[in-house]
Amino acid sequence: MNLIQQNQRSLERREETGCGLGPQEMENQLPEVPLFKVFSFLDAGSLLQVGQVSKYWNKVAEDERLWRNLCLKRWDFCNFSCQQLGTQTWKQYFLDQTKCEHRMALAQREDFHYKEATGNLGILEHMAYLSGSGHPVTGQEKSVICTVSSKRMLYAWDVQEGTVIWSSPVQPYSLKLLATLPQVHLAFTVDLKGTVKVWTCQDEDALATFTVSKACFSLEAFLTKDGPFLMVGNSEGDIYTLTVPELRTVSKVNAFKYCVELLHCSPDKKWIFACGIHQHILPKIFWVESLLRPSEDESPLSVALPFPWCCGAGWAPRRANRITVMYRRGSFRKTGFTTFDLTIERPGGRAVIQAHQITHFLLPVGMESPIWMGVSDRNVIVFASGPSLFLFTISGSQLQRCDNHQMSICYLWVDRLHVLTTSMDNSMHMYMWEEEGRCPCLKSCCHLEQVRSDFLPSCFLSRAICDNKSIVCVVSRSRESSILEREACSSAFHGLCCPECTVEPTWTSS
């Protein structure tokens, strides 16, 4: 009896008895290749469930390719090799990371170890994770961040211990920009004179140096299938693309007549957003491939978006060709948001970028103009206005308002899983994205306040970043309230570390 006849007999028995197909019948009906294809559309919970149907289904559901794809969809830092994964399977890695996230979502203030690093640190400014965004492969690595200081130094910190584990020599000029590539454990700085340096954060000297002709205002590091690259935007509107770690020039493009203040690469590293905050500058989207492989005969592929006074932008995490731009309009500088889908079309055989506007809207009259914004999947924008945090759809419908701060929000940090806000009173609030139901929303997780060793007012805005086991907040305050110059100020570094999954949480205060 052939497979078609078996399937026909099974369907006839189902009609006669009212029973569903058994595992053996399902195995005959769905061979491994199409079954794998079906399973590739499932989320993790569904994949775990179908793995319990039969040994045959379990074998397909355990396929490493399915679990690696789930990891890549949820965490963009998972583009490492199986060798780096070690003895752990992609399924184990996914479940371990999810467990840590769940603990982080349920964490309260008493669940954190508090560490404060003090001393003559200067004002700690930009910061970024150096340790794979804090998502270790084995679960044993510690979270490490980099910060630049007004002391003209770059620091690397062990977040769990709250200690400096490396510092650069004092640089000739102030460090103005910082970027990291956790996948290759490198940090990049740009100083006041436009000197770009790459650091291992282990050796004393920089690995390579490159000097840009004018002052730099933007810096973006990213990893492609062709390797790591660095982009730098300067005050004359030039965008340099450099190899990493050698810092050799791949291309130089004059994008604007004024400075390039924002560079933002898409999650799939195929697009780069560039703009300057100026009434005569239209933001541009470049096709990264054309910057990495420049042609002598043709300019890099780009498209201008007809919205001057751009002041922010965000890529949809899982729809890499969709970008939402925040802009100002009119004499009263009303704030608006507009969303585009990008495609490459080839009319007449020549590649052209098309930016298809999906929707746009202006914020209500009377709402304080936001400075910070972020984008989530499923067409949602998050931004801060005054002391409140708002969620809007890309078409302008308000979904949620969070009022967890008494003073204005001064910093907003957004990734695929978390949203952090800090306010003028140095308090910090953590939210996590929830995507159940028709629209995503923010779940309020915990509110953390500075453990003060003094009560002097802050002289700089506090900032915060996090991973799946730590929250880092930098607060700078004046030691001499009558002197507000930088040399008279110092910084308090707060590493608020969520314990690992196997450790019972405790609270310690220094």
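In short, a report on the structure. Only a predicted model underlies this, so the values are computations on that prediction, with no experimental measurement involved.

### Structural notes on the packing of helix α6 (residues 64–74) against helix α8 (residues 90–106)
When two helices pack together, their arrangement is given by the angle between their axes and by how far apart the axes lie.
Inference 1: Remark: α6 packs on α8, axes separated minimally by 8 Å, with the N-to-C direction vectors making an angle of 35 degrees. Crossing hand, α6 versus α8: left-handed. Packed against α6, whose contacting residues are Glu64, Trp67, Arg68, Leu70, Cys71 and Arg74, the element α8 presents Trp90, Lys91, Tyr93, Phe94 and Glu101 at the interface.
Inference 2: A per-class count over the contact of α6 with α8 returns six nonpolar, no polar and five charged.

### Here we look at the side chain of Thr195
Inference 1: In this fold, Thr195 is placed in strand β8 (residues 195–199).
Inference 2: Excluding residues that lie within four positions of it along the chain, Thr195 makes contacts with Thr189, Val190, Thr209, Phe210 and Thr211.

### Overview of the sheet that holds strand β11 (residues 227–234)
Inference 1: What the four strands build is an open sheet, ordered β10-β11-β12-β13; its pairing is antiparallel. Across the chains shown, the open sheet's two edge strands, defined by having one partner strand only, are β10 (216–224) and β13 (249–254). Across this sheet, the average inter-strand angle for adjacent strands is 15 degrees, counted without regard to direction.

### Notes on the sheet that holds strand β3 (residues 144–149)
Inference 1: Strand order across the open sheet formed by four strands is β2-β3-β4-β5, with antiparallel pairing between neighbours. A strand with exactly one partner marks an edge of an open sheet, and here the two such strands are β2 (124–129) and β5 (163–167). For this sheet, the mean angle separating the axes of adjacent strands, direction not counted, is 30 degrees.

### Here we look at the environment of Gln279
Inference 1: Along the chain, Gln279 turns up in the loop between β15 (271–275) and β16 (284–287).
Inference 2: Taking relative accessible area as the criterion, Gln279 reaches 45% and is therefore assigned partly exposed.
Inference 3: If sequence neighbours within four positions are ignored, Gln279 has contacts with Pro308 and Trp309.

### A short note on the packing of aromatic side chains
Inference 1: Applying the stated criterion across every chain, the model contains 17 aromatic pairs.
Inference 2: Taken together, a centroid distance of 5.8 Å and an interplanar angle of 5 degrees make the contact between Phe361 and Phe392 stacked. Pair noted here: Phe361 is in strand β21 (residues 352–362) and Phe392 is in strand β24 (residues 388–393), with a separation of 31 residues, a long-range link. Side by side, Phe361 and Phe392 carry an identical accessibility label, which is buried.
Inference 3: Ring plane angle 35 degrees and centroid distance 5.4 Å describe the contact between Phe383 and Phe392, whose orientation is recorded as tilted.
Inference 4: With a relative accessible area of 0%, Phe383 lands in the buried category.
Inference 5: For Phe392, a relative accessible area of 3% corresponds to the buried category.
Inference 6: Taken together, the ring pairs in this structure connect Phe337, Phe361, Phe383, Phe390 and Phe392 into an aromatic cluster.
Inference 7: The ring of Phe36 carries the charged tip of Arg65 above its face, separated from the ring centre by 4.2 Å.

Definitions and cut-offs
Residues numbered from 1 in each chain as written. Predicted model: local features only at pLDDT ≥ 70, side-chain atom pairs only at ≥ 80, totals over all residues. Heavy atoms only, no water. Axes fitted to C-alpha atoms, helices over the stretch in contact; angles between N-to-C directions. Helix = DSSP H or I, 4+ residues; strand = E, 2+ residues; numbered from the N terminus. Left-handed = near helix turned anticlockwise from the far one by under 90°. Contact = heavy atoms within 4.5 Å. Nonpolar A, V, L, I, M, F, W, Y, C, P; charged D, E, K, R; others polar. Pairing = 2+ DSSP bridges. Buried < 20%, exposed > 50% of the residue type's maximum accessible area, 1.4 Å probe, protein only. Phe/Tyr/Trp six-rings, centres within 6.5 Å; stacked < 30°, edge-to-face > 60°. Lys NZ or Arg CZ within 6 Å of the ring centre and 35° of its normal.

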